[in-house]
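The primary structure of each chain is shown beneath.
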Amino acid sequence: MASRFPILYIAEADASDAILSSGVLAYLVAAMPQATFTVVGSPKSAPLFADTPRLDRLIVLERDSRLDWLGLWNKVRETRWGLVVDMRGTTLSAKLKRQKRAVRGAWEAGVHAVEQAARVLQLEEVPGPKLFVSEATQAKADALMPAEEVPILAIGPGADWMGKVWPSERYAKVAVALVGDGGPLEGGRVIVVGDDNAREAAHTVRLSLPRNRVTELQGRLSRLETVAALGRAALYVGADTIWTDLAVASGVPVVAAFGPSDEVEHGPWGGVAVRGPRSVEEYRKIDPNLNQAILHMNDLPAERVLKAATKLLAEHAAR
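Criteria and cut-off values
- Residues numbered from 1 in each chain as written.
- Predicted model: local features only at pLDDT ≥ 70, side-chain atom pairs only at ≥ 80, totals over all residues.
- Heavy atoms only, no water.
- Phe/Tyr/Trp six-rings, centres within 6.5 Å; stacked < 30°, edge-to-face > 60°.
- Helix = DSSP H or I, 4+ residues; strand = E, 2+ residues; numbered from the N terminus.
- Buried < 20%, exposed > 50% of the residue type's maximum accessible area, 1.4 Å probe, protein only.
- Lys NZ or Arg CZ within 6 Å of the ring centre and 35° of its normal.
- Core = buried A, V, L, I, M, F, W, Y, C linked by side-chain atoms within 4.5 Å.
- Contact = heavy atoms within 4.5 Å.
- Pairing = 2+ DSSP bridges.
- Axes fitted to C-alpha atoms, helices over the stretch in contact; angles between N-to-C directions.
- Salt bridge = Lys/Arg side-chain N within 4 Å of Asp/Glu carboxyl O.
- Polar contact = N/O pair within 3.5 Å; in protein donor to acceptor, adjacent residues only side chain to side chain.
- Arc of directions from axis to C-beta.

Novice: Help me out: how do you make sense of the packing of aromatic side chains in this one?
Specialist: Within a pair of aromatic rings, the relevant descriptors are the distance that separates the centres and the angle that separates the planes. On inspection of all chains with the given rule, the structure shows two aromatic pairs. Between the aromatic rings of Tyr 9 and Phe 49, the centroid separation amounts to 6.0 Å while the plane-to-plane angle is 55°, which identifies the pairing as tilted. Linking Tyr 9 in strand β1 (residues 5-10) with Phe 49 in the loop between β2 (35-41) and β3 (55-60), this pair joins segments that are 40 residues apart in sequence. Summarising the burial analysis for this pair, Tyr 9 and Phe 49 share the class buried. Summarising the aromatic geometry, the rings of Trp 166 and Tyr 171 are spaced 4.9 Å apart at their centres and angled 85° between planes, so their arrangement reads as edge-to-face. Per residue, the accessibility class of Trp 166 equals that of Tyr 171, and both read buried. If you follow Arg 223 out to its NZ or CZ, it ends over the ring of Trp 243, 5.6 Å from the centre.

Okay, structure coming up:
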């Protein structure tokens, strides 16, 4: 039997950043069957890794204070690590006993976050984001999913900033075209995922379709359970949000509506980013810090997103 090889993986504090880098951890799980894992994350990022295979310990770093890092040091300093992967680029990882250390460097503009994560391990092939889901987590999600054996369209319409919100009636228009008569997912059901801020959009989508065709899951699933639910879908449509990142990590085909976001660095890996007529630079001319209360996404028509969704579904059907 191969000897135990302990790996310490320090994930980013930001949940979206941690998801985009998650393919690195998934690569290690697959490539090193003798390895066991200790994962460190924030209250937002750590739960994403709760179902990682051969997980010895999941450590939540509550804050980014010196006292918290000292507490972490006391928890991990006694182990001689086979490998330390430091996605935060901290000084702590340099002080630990280990055989090898891989640490994230400075951010590279114009390079996708997923590619930058792969460079931490100097990987030639870039592993896409992947979050592991246990049977128990899957069962919790499945209990809330539509029971019918029909195609599922997942929609993530919420956003934490109004500048990234795509109008709810356009999500509804896309949903009707995809699951309605003659659509590529004809007869399918729609699930809506996200936080409670997606409730109004979910209501709009539900009213646009016949009764019982829409299941509202926003606010009812943990983020890892959301990954489990999205893994059952035939397609996901959303905006530049963590819900889209979760969809990418689930493996579902993804179409994302982009506006004041840079798809070159943060677009849906392996999916399709659809934007309106303006570039990110043009958005910055009227909103330099990209934080004003402006509905930037109104110039992206539903037809453009629908076209991309239909094409992506056809491509996947041909595989």
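Once the structure has been displayed, the description carries forward.
Novice: What's the story with the nonpolar core in this structure? I'm lost.
Specialist: When a protein is soluble and globular, its nonpolar side chains tend to lie buried together. In this structure, Tyr 9, Phe 49, Val 85, Leu 131, Tyr 236 and Leu 246 are the most contacted members of the largest nonpolar core, which totals 52 residues. Secondary-structure elements contributing two or more residues to this core are β1, α1 (15-31), β2, β4 (81-86), α4 (113-120), β6 (152-156), α8 (223-230) and α9 (242-250). The residues touching Phe 49, leaving out its near neighbours within four places in the chain, are Tyr 9, Ala 11, Ala 18, Ser 22, Leu 25, Val 39, Leu 55, Leu 58 and Leu 131. Counting 30 residues, the second-largest nonpolar core is a separate cluster that includes Val 205, Val 237, Ala 257 and Ala 308.

Novice: Even after reading the chapter, I still don't get the sheet that holds β4, so can you show me in this structure?
Specialist: As a general point, the strands of a sheet are linked pairwise by backbone hydrogen bonds and lie either parallel or antiparallel. Across the sheet, which stays open at both edges, the five strands sit in the order β3-β2-β1-β4-β5 with parallel pairing between neighbours. This sheet does not close on itself; its edge strands, each paired only once, are β3 and β5 (98-103). Each strand axis lies, on average, 15° off the axis of its neighbour in the sheet, ignoring direction. The sheet contact formed by β1 and β4 spans four bridges and is parallel. Looking at the pairing, Tyr 9 lines up with Val 85 of β4. Of the strands in this sheet, β1, β2 and β4 are in contact with α1, which crosses β1 at around 175°.

Novice: Help me understand the pattern of salt bridges, please; the structure alone is not making it clear to me.
Specialist: Pairing is possible between side chains of opposite charge, provided their charged atoms come close. If you walk through the whole model with that rule in mind, you get 13 salt bridges. In this structure, Arg 119 engages Glu 108 in a salt bridge whose closest nitrogen and oxygen atoms are separated by 2.7 Å. Remark: Glu 108 occurs in the loop between β5 and α4 and Arg 119 occurs in helix α4; sequence separation between them is 11 residues. Residue Glu 108 is classed as partly exposed on the basis of its relative accessible area, which comes to 32%. As a salt-bridge pair, Arg 206 and Glu 216 come within 2.7 Å of each other at their nearest N and O atoms. Separated by 10 residues along the polypeptide, Arg 206 in helix α7 (residues 199-208) and Glu 216 in strand β8 (residues 214-216) bring together distant segments of the chain. Take Arg 206: its relative accessible area is 34%, and that puts it in the partly exposed class. A relative accessible area of 19% means that Glu 216 is categorised as buried.

Novice: Explanation requested: the environment of Arg 284 in the structure shown.
Specialist: Its location among the elements puts Arg 284 in helix α11 (residues 280-286). Taking relative accessible area as the criterion, Arg 284 reaches 41% and is therefore assigned partly exposed. For the pair Arg 284 and Pro 146, spaced 138 residues apart in sequence, the C-alpha separation works out to 41 Å. For Arg 284, the side chain forms a polar contact with the main-chain oxygen of Pro 288, separated by 3.0 Å.

Novice: Help me understand unusual backbone geometry, please; the structure alone is not making it clear to me.
Specialist: The bulk of non-glycine residues show a negative phi, and the bulk of peptide bonds are trans. One non-glycine residue, Gln 122, lies in the positive phi region at around 55°. Along the chain, the position of Gln 122 falls in the loop between α4 and α5 (135-142). A relative accessible area of 71% places Gln 122 in the exposed class. With phi around 70°, Asn 212 is a residue other than glycine that occupies positive phi space. With respect to the helices and strands, Asn 212 occurs in the loop between α7 and β8.

Novice: Any chance you could explain α5 here in plain terms?
Specialist: Owing to its 3.6 residues per turn, the α-helix aligns residues three or four sequence positions apart on the same side. Of the positions making up α5, those classed as buried are Thr 137, Gln 138 and Ala 141. All buried residues of α5 project into a common sector of 100° when viewed along the axis, lining one side. Exposed residues on α5 whose side chains face more than 90 degrees from its buried face are Glu 135, Ala 136 and Lys 140. For α5, the elements touching its buried residues are α8.

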